[in-house]
Amino acid sequence: HGLIRNRMLHLGERISAECLLNDGNPPGQIQWYKGIGKEFLPSINQTPSNGKYVLSRVEFLVSADDHLLPLICQGQVAQFPLHTITFYLNVTCQAL
């Protein structure tokens, strides 16, 4: 959520992406990574008072080095398999 597949990103653009992990009891954990070496990205995680899900948001400015790098969201609820979703960043060299 927050990124549209096949959308061209511009140098200096601030992007935001979200991951949602449902039905954890207790709520699961979400981690964000960027690139082949899996650079850890700090994120904001929110869990409602009913604890039914966790929503994680990551934001950063796009650089030329981000072109074709994977943006990876990994979520896991204790004792269950790790879930991963990957987007590839498509960056144009035209600044905003």
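Residues numbered from 1 in each chain as written. Predicted model: local features only at pLDDT ≥ 70, side-chain atom pairs only at ≥ 80, totals over all residues. Heavy atoms only, no water.

### Quick look at the overall build of the protein
Moving on, step 1. Scanning the protein for helices and strands turns up 0 helices and 9 strands.
Moving on, step 2. Its helices and strands in sequence order give the protein the pattern β-β-β-β-β-β-β-β-β, from N to C terminus.
Moving on, step 3. When the 96 residues of the protein are sorted by exposure, 35% land in the buried category.
Moving on, step 4. Contacts in the protein between residues far apart in sequence, at least 24 positions, make up 61% of those at least 6 positions apart. (Helix = DSSP H or I, 4+ residues; strand = E, 2+ residues; numbered from the N terminus. Buried < 20%, exposed > 50% of the residue type's maximum accessible area, 1.4 Å probe, protein only. Contact = heavy atoms within 4.5 Å.)

### Regarding the side chain of Asp66
Moving on, step 1. Inspection of the secondary structure assignment puts Asp66 in the loop between strand E6 (53-61) and strand E7 (70-76).
Moving on, step 2. Its relative accessible area of 3% is what places Asp66 among the buried residues.
Moving on, step 3. Reaching out from Asp66, the side chain makes a polar contact with the backbone nitrogen of Ser63 at a distance of 2.9 Å. (Polar contact = N/O pair within 3.5 Å; in protein donor to acceptor, adjacent residues only side chain to side chain.)

### Some remarks on the pairing of strand E3 (residues 29-34)
Moving on, step 1. Bridge count between E3 and E7: 6 bridges; the pairing is antiparallel. Counterpart to Ile30 in the pairing with E7 is Gly75.
Moving on, step 2. Across 3 bridges, E3 lies against strand E4 (residues 39-41) in antiparallel orientation. For Tyr33, the partnering residue across the bridge sits in E4 and is Phe40. (Pairing = 2+ DSSP bridges.)

### Thoughts on the sheet that holds E3
Moving on, step 1. Taken in spatial order, the 4 strands line up as E4-E3-E7-E8 in an open sheet, and their pairing is antiparallel. The open sheet terminates on both sides in strands that have one partner only, identified here as E4 and strand E8 (83-88). Within this sheet the neighbouring strands show an average axis-to-axis angle of 25°, counted without direction. (Axes fitted to C-alpha atoms, helices over the stretch in contact; angles between N-to-C directions.)

### Considerations on the packing of aromatic side chains
Moving on, step 1. Under the defined criterion, the tally for this structure stands at 1 aromatic pair.
Moving on, step 2. When the ring of Tyr33 is compared with that of Phe40, the centres are 6.1 Å apart and the planes differ by 70°; the resulting orientation is edge-to-face.
Moving on, step 3. We note Lys34 situated over the ring of Phe60; from NZ or CZ to the ring centre the distance is 4.4 Å. (Phe/Tyr/Trp six-rings, centres within 6.5 Å; stacked < 30°, edge-to-face > 60°. Lys NZ or Arg CZ within 6 Å of the ring centre and 35° of its normal.)

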